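For reference, the chains in residue letters:
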Amino acid sequence: MIARPDSSLRFRFATVDDVAAIVSVVERAYRADDAGWTTEAHLIGGRRTGADEVEQLVGSATGGLLTLSDQGDIVATCHLDRRADHAYFGMFAVDPARQARGFGAALLAEAERVAREEWGSPRMRMTVISARTDLIAWYARRGYRPTGGTSPFPYGDARFGEPRVAGLRFDELEKPLV
């Protein structure tokens, strides 16, 4: 459970003032060697995101970056986007120094609430690197199931990092929200 379930916790969509903090959280969660079970550093090197991509997501007309702040510091973030028949959830990151305290589960639940109650989305979808079986199991415990859809990893596109292993792909997961 969250360490401080009090008024110091805030959910909100990010603004351009949050870009540097979001890039920092995402990079540490995905690429740091000491980020615990959430890191992808053993699979992918290089950057996970940059200010350019984060600024585009913040300015999106169909969604944005939902954040969870604790005492004013962004401790978790995710990309949430309205699509024609679902909401898309991605770039989910929790500050490695604050993991295992319930922040990730709380942000995921808030993203689902926004998608369901504010946007009227009937389902949430995401893509996860298939080699991240521990992460897929975490999502499964929260009701997400594979759709059978897959997509190739964008080898050669530095925006997604530098693969350290061959055969990476994304698996699509989905959860009904209604």
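Since this is a predicted model, take the numbers as computed values, not measurements. Residue numbering note: each chain is counted from 1, following its sequence as written. With the structure being a predicted model, the display of local features is reserved for residues of pLDDT at least 70 and the display and counting of side-chain atom pairs for 80 or more, all residues being used for whole-chain, interface and lining totals. As a rule here, side-chain values cover all heavy atoms of the structure and leave hydrogens and water aside.

Asker: Explain the layout of surface pockets to me, please; I cannot follow it from the model alone.
Answerer: A probe matching the size of a water molecule, rolled over the atoms, marks out where space remains unfilled. With a 1 Å grid laid over protein atoms only, a set of points is called a cavity when a 1.4 Å probe fits there but cannot get out and a pocket when it is open yet has protein on both sides within 12 Å along at least five of seven lines; lining residues have an atom within 4 Å of a point. Grid points are joined across faces, edges and corners, and a volume is the space filled by probe spheres set on the points. Taken as a whole, the largest pocket holds about 820 Å³ of empty space. Y30, M91, F92, L135 and Y139 are the residues nearest the centre of the largest pocket, which is lined by 41 residues in total. Helix and strand definitions follow DSSP, with helices as H or I runs of at least four residues and strands as E runs of at least two, each counted in order from the N terminus. At the level of elements, helix 1 (19-31), helix 2 (51-58), strand 5 (87-94), helix 3 (103-118), strand 6 (123-129) and helix 4 (133-140) are the ones that each hand at least two residues to the lining of the largest pocket. Tallying contributions element by element places strand 5 first for the lining of the largest pocket, with seven residues. Here the residues of the lining of the largest pocket sort into 25 nonpolar, seven polar and nine charged. For this scheme, ten residues count as nonpolar: Ala, Val, Leu, Ile, Met, Phe, Trp, Tyr, Cys and Pro. Four count as charged, namely Asp, Glu, Lys and Arg, and the remainder, Gly too, count as polar.

Asker: Which parts of the structure should I look at to understand the pairing of strand 4 (residues 73-82)?
Answerer: On a regular strand, each side chain points to the face opposite its neighbour's, so the side chains alternate between the two faces of the sheet. Only protein chains enter the accessibility calculation, which uses a 1.4 Å probe; a residue whose area is less than 20% of its type maximum is buried, one above 50% is exposed, and one in between is partly exposed. For strand 4, the tally of buried residues reaches eight of ten residues, placing the bulk of the element in the interior. Strands are treated as partners if at least two bridges between them are detected by DSSP. Two elements, strand 3 (residues 63-70) and strand 4, share eight bridges in a ladder whose sense is antiparallel. Residue pairing in the sheet places L65 in a bridge with H79 of strand 4. Connecting strand 3 to the antiparallel partner strand 4 that follows it, the hairpin turn spans two residues, and Q71 within it adopts a positive phi of roughly 50 degrees. Inspection of the sheet shows strand 4 paired to strand 5 by six bridges, in the antiparallel sense. When the bridges of strand 5 are listed, A76 appears paired with V94.

Asker: What is the right way to look at the pairing of strand 6 in this model?
Answerer: Along strand 6, five of the seven residues are buried, which leaves the element largely enclosed by surrounding structure. Here strand 5 runs beside strand 6; their pairing, made up of two bridges, is parallel. In the sheet register, A87 faces strand 6, and the bridge partner there is M124. Think of it like this: strands point away, you trace from the first strand over the helix to the second, and a clockwise trace means the crossover is right-handed. What joins strand 5 to strand 6 is helix 3, and the crossover it makes is right-handed.

Asker: Help me out: how do you make sense of the environment of D171 in this one?
Answerer: With respect to the helices and strands, the residue D171 is situated in strand 9 (residues 169-176). Take D171: its relative accessible area is 15%, and that puts it in the buried class. A sequence separation of 122 residues divides D171 from T49, and the C-alpha atoms of the two residues are 20 Å apart. Residue contacts are counted whenever heavy atoms from the two residues lie within 4.5 Å of one another. Setting aside chain neighbours within four positions, we find D171 in contact with M126, T127, V128, S130, I136, G149 and T150. Polar contact criterion, stated in full: a pair of N or O atoms within 3.5 Å, where within protein one must be able to donate a hydrogen and the other to accept it, and residues adjacent in sequence count only if both atoms are side-chain atoms. At 3.0 Å, the side chain of D171 forms a polar contact with the side chain of R169.

Asker: Can you walk me through the pattern of salt bridges in this structure?
Answerer: Oppositely charged side chains are able to pair whenever their charged atoms sit close together. Definition used for salt bridges: Asp or Glu carboxyl oxygen within 4 Å of a side-chain nitrogen of Lys or Arg. Tallied over the entire structure, the rule returns 13 salt bridges. The partner of E117 in a salt bridge is R113, and the shortest N-O contact between them spans 3.4 Å. Here E117 pairs with R113, and both are found in helix 3, just four residues apart, close to one helical turn. Classification of R113 by relative accessible area gives partly exposed; the value is 24%. Between R113 and E118 there is a salt bridge, with its nearest N and O atoms 2.8 Å apart.

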